[in-house]
Amino acid sequence: MEKSITSLKEDFNTIRAGRANPHVLDKLSVDYYGTQTPISQIGNITVPEPRILQIQPWDSTLLKNIEKTINESDLGINPSNDGKVIRLIFPELTEERRKELTKEIKKKGENAKVAIRNIRREAMDTFKKMQKSSEMTEDELSTAETSTQKLTDKFVEEIDKQIEQKSKDVLSV
């Protein structure tokens, strides 16, 4: 369940909220001598201004590959290449785009909740199998189910907090 929360936080980091955030590049990989390598591992990523990301690869021959990867991604940002660095200029978010991002945040949150509920269901099935094979008594089964449900509720509540926080971030920028 904690892995689901961690995964959700990583997904939220890739959602751009108007400010330049190097984590939006986390899921992008570039062909680097035949190997798909994350952009963060082939150069410096800096934030010289609040709405600008600057990528300076250690090997300048990668500029075209990085630019192509960013253009093909779902970032919706056109990179500008000056021969030494690539700059990504994040536009101000429109009200419409903020609403889209909020919907995306809620969707990712719901997917995380589904993952947690699937984990709960698998645990409950395991407990029932153990009880049927006499590895667990009826009382132990009841206790295990109750504690599993409490744990699930705790994690679902944490996801709701994460959704609320990220939505506030997007709407307040």
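Use the structure listed above.
Attention in this report is confined to the structure presented alongside it. Worth saying up front: this structure is predicted, and the values here are computed from it rather than measured. (Residues numbered from 1 in each chain as written. Predicted model: local features only at pLDDT ≥ 70, side-chain atom pairs only at ≥ 80, totals over all residues. Heavy atoms only, no water.)

1. Topic: helix H3 (residues 95–132)
Structural remark: α-helix, 3.6 residues per turn; residues separated by three or four positions point the same way.
Here comes step 1: With 38 residues, H3 should reach 56 Å at 1.5 Å per residue; the first-to-last C-alpha distance of 55 Å fits that figure.
Here comes step 2: Those residues of H3 lying buried are Arg98, Leu101, Thr102, Ile105, Gly109, Ala112, Lys113, Ile116, Met124 and Phe127.
Here comes step 3: Here the buried face of H3 lies against helix H1 (2–13) and helix H4 (138–172).
Here comes step 4: Phi for Ser134, located one or two positions after H3, is positive at around 65°. (Helix = DSSP H or I, 4+ residues; strand = E, 2+ residues; numbered from the N terminus. Expected span 1.5 Å × (residues − 1). Buried < 20%, exposed > 50% of the residue type's maximum accessible area, 1.4 Å probe, protein only. Contact = heavy atoms within 4.5 Å.)

2. Digging into the nonpolar core
Nonpolar side chains tend toward joint burial in soluble globular proteins.
Here comes step 1: In this structure, Leu25, Ile39, Ile55, Ile66, Ile70 and Leu88 are the most contacted members of the largest nonpolar core, which totals 18 residues.
Here comes step 2: Within the residue set of this core, elements represented by two or more residues are strand E4 (52–57), helix H2 (63–72) and strand E6 (86–89).
Here comes step 3: With three residues, H2 is the largest single contributor of residues to this core.
Here comes step 4: Filtering out sequence-adjacent residues up to four positions away, Ile70 remains in contact with Leu28, Ile39, Ile55, Leu75, Ile77, Pro79, Ile86 and Leu88.
Here comes step 5: Counting residues in each nonpolar core, the second largest holds 15 residues, with Ile15, Leu101, Phe155 and Val170 among its members. (Core = buried A, V, L, I, M, F, W, Y, C linked by side-chain atoms within 4.5 Å.)

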